[in-house]
Amino acid sequence: MQTSSSQRHIFPTSDAAAQAVAAHIISTVKAKPNAVLGLATGATMEPVYAHLIAAYKRGDVRFSDVSTFNLDEYAGLAPSDPGSYRSTMDRLFFDHVDIDKTKTFLPEASLDASAAAGNDYEAMIIQAGGIDLQLLGIGRNGHIGFNEPGSAIDSRTRLVELHEDTLAANARFFDGGKVPGSAITMGIGTILSAREIVVLATGAAKADAVRDAHCGSFSPDCPASALQTHNHVLWFLDSAAASTRFAA
Ligand code: F6R
């Protein structure tokens, strides 16, 4: 059993929190140029990638030796679909820095993805040496990756159905179109295998999920509460996401 150790850093604005996360990622990559980064998508991460690109353009950091593994991908979308997380990562980050795209990975997300696809992704992460830093957002319902409420703490990369709250929250990325109903996601157990976890949560809509993630012990009702069992978690919050009083 690992000893829980998490630190919370609270910033006055969402952009200040995102900038601090970017600074933390940059210091990780400077210390270990071939770091293995676990990456996330979602609106919360967009300013983080913007800050990383700006730092790269200033000559402050290089990503040429980094490998990346994204948390999740919608099932049934071609990588070229503008809604896919592959396209999103290209557009928001990879296309603007010196990263080697052959070392950027997302789960294989065909609709009939078998258990083998999840196992392959797990094996690729292990082969890369494991994830040094896993970047995480949090859903309004407490999900991490696409591990919706009810997910097991030892779950691994697999095909999952998305919760109706997630479908509603993510409709904004599909320009009125339909959000795919399923995805391949790293499991909670996969996430907990990272050596360090960096969670960014901004905005009042995340305050209850942030509070529940810190309450008591692991509850499947709030997948992010599993982070309490990890020995190196850094929370970066803006004051709105931190506005609900922490229970502990
Ligand atoms: C994205 C992911 C999700 C998001 C979460 C928050 O790869 O795994 O868990 O981090 O849904 O999304 P936003 O930032 O759009 O509120």
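Residues numbered from 1 in each chain as written. Predicted model: local features only at pLDDT ≥ 70, side-chain atom pairs only at ≥ 80, totals over all residues. Heavy atoms only, no water.

S.K.: Could you give me a rundown of the overall build of the protein, with the residues and numbers involved?
M.R.: Summing up its helical and strand segments, the protein has seven helices and ten strands in all. Radius of gyration (C-alpha) of the protein: 17 Å, near the 18 Å computed for a compact globule of 248 residues. Considered along the principal axes of its C-alpha atoms, the protein spans approximately 45 × 45 × 40 Å. A buried classification covers 54% of the 248 residues belonging to the protein. For the protein, contacts bridging at least 24 residues in sequence account for 80% of all contacts bridging at least 6. (Helix = DSSP H or I, 4+ residues; strand = E, 2+ residues; numbered from the N terminus. Rg over C-alpha atoms; globule rule 2.2 N^0.38 Å. Buried < 20%, exposed > 50% of the residue type's maximum accessible area, 1.4 Å probe, protein only. Contact = heavy atoms within 4.5 Å.)

S.K.: Residue-level account of the nonpolar core, with values.
M.R.: Among the nonpolar cores identified, the biggest contains 61 residues, and Phe93 and Leu227 are the most heavily contacted of them. Not counting the four nearest positions on each side in its chain, Phe93 is found in contact with Leu39, Tyr49, Leu52, Ile53 and Phe63. Counting residues in each nonpolar core, the second largest holds ten residues, with Tyr74, Leu77, Leu106 and Val160 among its members. (Core = buried A, V, L, I, M, F, W, Y, C linked by side-chain atoms within 4.5 Å.)

S.K.: Go over the environment of Pro107 with me, naming the residues and quoting the values.
M.R.: For Pro107, the position within the fold is in the loop between β5 (104-105) and α4 (115-127). The exposure class assigned to Pro107 is buried, which follows from its relative accessible area of 5%. C-alpha separation for the pair Pro107 and Leu71, spaced 36 residues apart in sequence, amounts to 7.6 Å. Non-local contacts of Pro107, meaning those with residues more than four positions away in its chain, are made with Asn70, Leu71, Asp72, Glu73, Tyr121 and Ile184.

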